[in-house]
Amino acid sequence: TMDGAGSAQRATATFAAYGASQAALPQLLKTLLAETKGDADAVGVHLISPGMVTTDLLLTGSKTRRVLKIFNVLAERAETVAAWMGP
C-alpha cells in the first residue's frame, strides 16, 4: 500500500474520503502483519511513503506562483515516483 496525507492523523479539509482512506492504511498494515506473523508462506506486507507527489489533488487551489515554486522544490512528479517504484 502507499500512504499519503491523512495517514499521520492530520485533518484533510475538503478531502474527507481521501484522508479517511489514508488514515486507514497504517491500521491495515498492522493487521496484515499480525495475521501473517510466523507464516513462512505468507506474502510480504509493506507500506510505501514516497513523500509529496505533485498530483491534481495536491495542486487544487494552490496554483499561485509562490506555492508552485515550493512544490517544485519539495515534491516529485507522479511519473518520477512511479518509475522509481517499479518497472
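Further up the page is the structure itself.
Residues numbered from 1 in each chain as written. Predicted model: local features only at pLDDT ≥ 70, side-chain atom pairs only at ≥ 80, totals over all residues. Heavy atoms only, no water.

1. A word on the overall build of the chain
- Counting its regular elements, the chain contains 4 helices and 2 strands.
- Every one of the 87 residues in the chain was classed for burial, and the buried ones make up 17%. (Helix = DSSP H or I, 4+ residues; strand = E, 2+ residues; numbered from the N terminus. Buried < 20%, exposed > 50% of the residue type's maximum accessible area, 1.4 Å probe, protein only.)

2. Observations regarding the pattern of salt bridges
- Under the defined criterion, the tally for this structure stands at 1 salt bridge.
- With a closest N to O distance of 3.4 Å, Glu79 and Arg77 form a salt bridge.
- For Arg77, a relative accessible area of 55% corresponds to the exposed category. (Salt bridge = Lys/Arg side-chain N within 4 Å of Asp/Glu carboxyl O.)

3. Some details on helix 1 (residues 16–36)
- Taking 1.5 Å of rise per residue, the 21 residues of helix 1 would be expected to cover 30 Å, and the 30 Å separating its terminal C-alpha atoms lies within 8% of that figure.
- At Leu25, helix 1 shows its maximal bend, which comes to roughly 30°, and the proline Pro26 appears one to four places after that position.
- Taken residue by residue, helix 1 has Gly19, Gln22, Leu25 and Leu29 as its buried positions.
- At the exit of helix 1 stands Gly38, carrying a positive phi of roughly 80°. (Expected span 1.5 Å × (residues − 1). Bend = angle between axes of the 7 residues up to and from the residue.)

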